[in-house]
Amino acid sequence: MKDTMIGVDLAKRVFHLHVASMTGEVKDRKKLTPDQFRRYMSDVPECVVVFEACGSAHYWSREMLALGHDARIIPAQYVKPFVKRHKNDRNDAEAIVVAAQRPDMRFATVKSEDQQARAVVFRTRERLVHQRTELVNALRSALYEYGHVFPVGIAHLKKIEELLQNPHCDLPTLVVTECQDLLAQIAEKTERINAKKTLIKELAKESDVARRLQTMPGVGPITALAVEAFAPDMAQFSCGRDFAAWLGLVPLQNSTGGKSRLGKMSKMGQADIRRLLIIGAMSRIVGRARHTIPDDSWLGRKVAAKPKMLVGITLANKMARQIWAMLTKSQDYRDPALVGAA
């Protein structure tokens, strides 16, 4: 049984270590560079190494696991209450150990290299989409300065192109040139986004988990990749509701005195998966998809009685619970209505 716990406050050039027994008795404090830390950990006996969640925490956790140590990652918000007085690296390392020794403490799952690589692809696409949106908004605002109003959305770019190509356009020549340059940048971003989307589809085909997730209506390659990249092992959750709560898709509680008070969506969890599940849920209840919902079904009754956005969040919560069931049981999606009829 490991009898030593080391709390590590990570940084770019200097790591602060707090070495303590499993009962909390301080054994040592150190300040090491990354190379010194690696050599130090290769010499010490097997122990529990705890990192505060940050950019390189998963990398160093994998390095510690390779050396035979028990590596754990603790969320920063769980460490903060244990910081004594002044906030500095030394006190942070001590707080990491104190927090990690709580019997009911929760730790983050160490991600594999493949998971982190998929997360990089996902983030790259998201960043390109944000940059393209910024360019489209800049183009619309420039035209608005001259009285030309265009609706929000990339689908209306053709109308803007027609305006700029019109020889009788009332815009100054310099403005037309700058707007055309913005259009060229938008086209370049769109091409790169499409390339990332193709890559994501190829990655989704390589994974059995992603293929299984896409059998659910409202879940595509991007959502499947996000679940693979950011979600921990579903075995960590005792039920589907726990996974939905981890995503922040449950009501915010403000209960006291034995009386339950539930409020708006908590949003305390993984934002990317939550957003994509809500988008997927909305795609099932708006537009033409609305007409395919049986009126006597659970979803049909919800849509008829509640606002669409509220129904979308409720459906996203249900989708999260279904994803947990699919991955824990290694089964493809089965329509609840058809299962009940059988």
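Residues numbered from 1 in each chain as written. Predicted model: local features only at pLDDT ≥ 70, side-chain atom pairs only at ≥ 80, totals over all residues. Heavy atoms only, no water.

Novice: Would you explain the overall build of the chain in this entry?
Specialist: Tallying secondary structure elements over the chain gives 14 helices and seven strands in all. Taking 20 Å as the expected radius of gyration for a compact globule of 342 residues, we find that the chain reaches 25 Å, considerably beyond that expectation. In terms of its C-alpha atoms, the chain occupies a principal-axis envelope of roughly 80 × 60 × 45 Å. A buried classification covers 41% of the 342 residues belonging to the chain. For the chain, restricting intrachain contacts to residue pairs at least 6 apart in sequence, the fraction spanning at least 24 positions comes to 53%. Taken together, the 53 basic and 37 acidic charged side chains of the chain have centroids lying 7 Å from each other. (Helix = DSSP H or I, 4+ residues; strand = E, 2+ residues; numbered from the N terminus. Rg over C-alpha atoms; globule rule 2.2 N^0.38 Å. Buried < 20%, exposed > 50% of the residue type's maximum accessible area, 1.4 Å probe, protein only. Contact = heavy atoms within 4.5 Å. Lys, Arg positive; Asp, Glu negative; His and termini not counted. Charge placed at Lys NZ, Arg CZ, Asp CG, Glu CD.)

Novice: Looking at this structure, how should I read the pairing of strand S3 (residues 26–32)?
Specialist: Side-chain direction in a regular strand flips from residue to residue, so the side chains alternate between the two faces of the sheet. Pairing of strand S2 (residues 15–21) with S3 involves six bridges; the strand directions are antiparallel. Bridging from a neighbouring strand, Leu17 pairs with Lys30 of S3. Joining the antiparallel neighbours S2 and S3 is a turn of four residues, in which Gly24 adopts a positive phi near 100 degrees. (Pairing = 2+ DSSP bridges.)

Novice: Whenever I open this one, the packing of helix H5 (residues 113–144) against helix H6 (residues 157–165) confuses me. Can you help?
Specialist: Two numbers describe a pair of packed helices, the interaxial angle and the distance between the axes. Axis separation between H5 and H6 bottoms out at 12 Å; the angle between their running directions is 45 degrees. The angle between the axes of H5 and H6 places the two elements in the oblique class. The element H5 and its partner H6 pack so that their crossing is left-handed. Taken together, the residues of H6 that come into contact with H5 (itself represented by Leu139, Arg140 and Leu143) are Leu157, Ile160, Leu163 and Leu164. For the contact of H5 with H6, a count of residues per class yields six nonpolar, no polar and one charged. (Axes fitted to C-alpha atoms, helices over the stretch in contact; angles between N-to-C directions. Parallel < 35°, antiparallel > 145°, perpendicular 65-115°, else oblique. Left-handed = near helix turned anticlockwise from the far one by under 90°. Nonpolar A, V, L, I, M, F, W, Y, C, P; charged D, E, K, R; others polar.)

Novice: Looking at this structure, I do not really get the sheet that holds strand S1 (residues 4–9). What am I missing?
Specialist: Either a parallel or an antiparallel arrangement is found when strands of a sheet pair, and the pairing is made through backbone hydrogen bonds. Within the open sheet, the five strands sit side by side as S3-S2-S1-S4-S5. Their pairing is mixed. Two strands in the sheet have a free side with no partner beyond their single neighbour: S3 and strand S5 (70–74). Within this sheet the neighbouring strands show an average axis-to-axis angle of 20 degrees, counted without direction. The pairing of strand S4 (residues 48–52) with S5 spans five bridges and is parallel. Across the sheet, Val48 pairs through a bridge with Asp70, a residue of S5.

Novice: Help me understand the pairing of S2 in this model?
Specialist: Most of S2 sits inside the fold, with seven of its seven residues counted as buried. Residues Phe15, Leu17, Val19 and Ser21 of S2 are buried on one face, and the alternating residues His16, His18 and Ala20, pointing to the opposite face, are buried as well. With six bridges connecting them, S1 and S2 associate as antiparallel partners. Residue pairing across strands places Gly7 opposite His18, the latter belonging to S2. What sits between S1 and S2 in their antiparallel hairpin is a turn of five residues.

Novice: Teacher, can you tell me more about the packing of helix H11 (residues 271–283) against helix H13 (residues 308–329) here?
Specialist: Axis separation between H11 and H13 bottoms out at 8 Å; the angle between their running directions is 115 degrees. Where H11 crosses over H13, the handedness of that crossing is right-handed. Judged by residue contacts, Leu277, Ile278, Ala281 and Met282 of H11 engage Lys308, Met309, Gly312, Ile313, Leu315, Ala316, Met319, Ala320 and Ile323 from H13.

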